[in-house]
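Residues per chain are reported as follows:
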Amino acid sequence: MVPEEVVANQQFMADGRGSRATARPIARYRWEFGDGTPTLITTSPVTTHRFGARGEHQVALIVEDTEGNAAVAEATVRVVLDFPTPDAGPLPPRDAGPRPDAARPGPDAGVAPPDGGPADPDAGAPTTSCTDNLRNGAESDVDCGGSCCRCEQGRRCALDTDCATGVCGDGVCLAAGGVGVSLLQQPGATIDMWPTHVVTGHLDGDCRVDLVVGGMDTDHVSLVRGHAEGFPVVQHLSPAPGHLSAWTAALGDFTGDGVADVAVLERGSQRISVAVGPIEAEGVPDWQLVLFTRGALDLVSGDFNGDHVVDLAVTHDTAVGRFLGTPVGLVPVAETELNAGVVLRGAADFGLDGQDELVLTGGLLELQLLRFRADGSYVLDALTLPAGPLALVTADFTADGLTDVITVDTGDGIHLLANAGDGTLLFKQSFSAGLFGQQALAQADLDGEGHPDLVVTHAGFDVQLVSVLAWDAALGTWSLVGSWETCFNPSAVAARDFTGDGRPDVAVACSSGFVLMYVNLLP
């Protein structure tokens, strides 16, 4: 049902799939975690939780059928500050001070405390940083909840007070009033590039999500600050002013200091430049340079060794390289040789163990999950898709507490790949919005019903659209609920709370050199 031992402030999976109905179907699962948090009621047999301090907790699962009959299962969970590592001793908690500058004993072995002995047992659980692009401390989701800004709807929560809407249900922030989708275009911002992608995160702690846009035919990436009235503040981050090229970006706290940095890659080069946070609205950031051994094409951030510090992954045509986050910056580890043609698409924790897997595409119809082991070896799982993936997003689309994937192709096809429960993916269904020329994809709970919706951009001969597909529980799929005209060739899209009102908005970046905001008017 639950692990015997977990790490404080680290998410774990509680699994009730061993429950069996007798005469009537199972109607609900009641989870009591014994740590003072409210009883969690779900319709899914799988959920997640985290304990804020070390100790022991008695967890109870009450399974009820449609007539109210109930059965109870109990288990004891021991909460520790961190799992020990065989080579270096326990990892020091994040609030015990920065990790030592000494080189790591191995690519994933962790780092010993400065005195070489065990971590101080009284040092406490990891502290909360609200701008590091990590979920830590008392946060209910990444950089929100607990003592940080309240979370937008669709993000994870433990209490009503974690949510900007004031409503937490089934562990997700819900709309406070009516549900539905209504978007209003706001003034745009000039980014002076042909955009290829956007990444989002909290960079300045003002409770509005910011975004970084990367693209072609430019000498910079654009940091676009969230604002209540569109996108009036744009800051160009350029590691090589005047050098026109193609640039891509990733966000994360790569130094473990609690502040998000921006990694910028010139595609095809060996140079990865890191703008060290905090990045002020005025002035030029401090840059750190790291080198890949060959021309890199894409990069993505994530925790690829489970040490609670953000790392960076880059791809060459035939290899994946990793740079581990350390107090002195990004440190390279051995590269992983793969088949030719791999493209890096994203990263997510599919196994709910605190370590992210890389999502790659290889070949015309293949999606791959790449997971690194502590000894430097790796596991690569491949899945054949119905059509070549143009873009993808990750989220819990099947409401079972596990991370899934949705892809779009260049036609009108949209494809759901469900988590099999063991960290691998299985094809589940295909559907369509009936609109061809798909360009980009994002996900967020736009209608406030507690389930991820989809945002898809389309480029046709005479119309450019951004469309929303909302989850339809009765049909068991997503249905088109609205389309809005947008700028020419909408090649990148994101859906987050850019205005700070608790509702996800939509940002569309177009080859005309603009990024537009569509404000969510849901009451």
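Below you will find a few notes about this structure. (Residues numbered from 1 in each chain as written. Predicted model: local features only at pLDDT ≥ 70, side-chain atom pairs only at ≥ 80, totals over all residues. Heavy atoms only, no water.)

## Observations concerning the packing of aromatic side chains
How two aromatic rings sit relative to each other is given by the distance of their centres and the angle of their planes.
Piece 1. Under the criterion given, the structure shown has seven aromatic pairs.
Piece 2. The interplanar angle of 10° and the centroid separation of 6.2 Å between the aromatic rings of Trp-31 and Phe-33 together place this pair among those described as stacked.
Piece 3. Counting every residue linked through ring pairs, the aromatic cluster contains Phe-397, Phe-431, Trp-471 and Trp-478.
Piece 4. One Lys or Arg, Arg-322, reaches over the ring of Phe-372 and ends 3.7 Å from the middle of that ring. (Phe/Tyr/Trp six-rings, centres within 6.5 Å; stacked < 30°, edge-to-face > 60°. Lys NZ or Arg CZ within 6 Å of the ring centre and 35° of its normal.)

## Description of the side chain of Ser-467
Piece 1. Mapped onto the elements, Ser-467 comes out in strand E35 (residues 464-472).
Piece 2. In this structure the side chain of Ser-467 is engaged in a polar contact, spanning 3.4 Å, whose partner is the side chain of His-458.
Piece 3. Side-chain polar atoms of Ser-467 contact the side chain of Ser-483, separated by 2.7 Å.
Piece 4. Contacts of Ser-467, omitting those with residues within four sequence positions, involve Leu-435, Leu-454, Val-455, Val-456, His-458, Leu-480, Gly-482 and Ser-483. (Helix = DSSP H or I, 4+ residues; strand = E, 2+ residues; numbered from the N terminus. Polar contact = N/O pair within 3.5 Å; in protein donor to acceptor, adjacent residues only side chain to side chain. Contact = heavy atoms within 4.5 Å.)

## Comments concerning the sheet that holds strand E33 (residues 438-444)
Piece 1. Spatial strand order, E33-E34-E35-E36: four strands in an open sheet with antiparallel pairing. Of all strands in the sheet, those with a lone pairing partner are E33 and strand E36 (477-485), marking the two edges. Across the sheet, the mean angle from the axis of one strand to that of its neighbour is 25°, orientation sign disregarded.
Piece 2. Where strand E34 (residues 453-459) and E35 come together, six bridges link them in antiparallel fashion. Looking at the pairing, Val-455 lines up with Val-468 of E35. (Pairing = 2+ DSSP bridges. Axes fitted to C-alpha atoms, helices over the stretch in contact; angles between N-to-C directions.)

## Points about the state of the cysteines
Piece 1. Applying the stated criterion across every chain, the model contains six disulfides.
Piece 2. Shown here is the disulfide that connects Cys-144 with Cys-151, its sulfur atoms set 2.1 Å apart. What sets the handedness of the Cys-144 and Cys-151 disulfide is the S-S torsion sign, and at about 95° it is right-handed. For the residue pair Cys-144 and Cys-151, the accessibility class agrees, reading buried in each case.
Piece 3. Covalent S-S linkage joins Cys-487 and Cys-510, the inter-sulfur distance amounting to 1.9 Å. Its S-S torsion of about 70° marks the bond between Cys-487 and Cys-510 as right-handed, since a negative value means left-handed. Highlighted residues: Cys-487 in the loop between E36 and strand E37 (490-496) and Cys-510 in strand E38 (residues 505-510), separated in sequence by 23 residues. Take Cys-487 and Cys-510: they sit in the same class, and that class is buried.
Piece 4. If one numbers only the bonded cysteines of the protein chain, in the order they occur, the disulfide pattern is 1-3, 2-5, 4-10, 6-8, 7-9, 11-12. (Disulfide = S-S within 2.5 Å. Buried < 20%, exposed > 50% of the residue type's maximum accessible area, 1.4 Å probe, protein only.)

## Brief notes about the sheet that holds strand E3 (residues 26-32)
Within a sheet, each strand pairs with its neighbour through backbone hydrogen bonds, oriented either parallel or antiparallel.
Piece 1. Within the open sheet, the five strands sit side by side as E1-E7-E6-E3-E4. Their pairing is mixed. Single-partner strands in this sheet number two, and they are strand E1 (5-7) and strand E4 (40-42). For this sheet, the mean inter-axis angle between neighbouring strands, taken without regard to orientation, is 30°.
Piece 2. Note that E3 and strand E6 (residues 55-65) share six bridges and pair antiparallel. Within E6, the position partnered with Glu-32 by the bridge is Ala-60.

## Some remarks on the pattern of salt bridges
Piece 1. On inspection of all chains with the given rule, the structure shows 14 salt bridges.
Piece 2. For Glu-152, the salt bridge goes to Arg-496, with nearest N and O atoms at 3.1 Å. Of this pair, Glu-152 sits in the loop between strand E7 (70-80) and strand E8 (168-169) while Arg-496 sits in strand E37, and the two are 344 residues apart along the sequence. Here Glu-152 and Arg-496 have matching classes, each one buried.
Piece 3. Note that Arg-294 is salt-bridged to Glu-335, the shortest N-O span being 2.7 Å. Separated by 41 residues along the polypeptide, Arg-294 in the loop between strand E19 (286-291) and strand E20 (298-302) and Glu-335 in the loop between strand E23 (329-332) and strand E24 (336-337) bring together distant segments of the chain. (Salt bridge = Lys/Arg side-chain N within 4 Å of Asp/Glu carboxyl O.)

## Topic: unusual backbone geometry
Piece 1. At the junction of Gly-277 and Pro-278, the peptide bond is cis and its omega measures out at 0° in the coordinates.
Piece 2. Tracing the sequence through the fold places Pro-278 in the loop between strand E18 (271-276) and E19.
Piece 3. In this structure, Asp-170 takes a positive phi of about 55° despite not being glycine.
Piece 4. With respect to the secondary-structure elements, Asp-170 resides in the loop between E8 and strand E9 (172-173).

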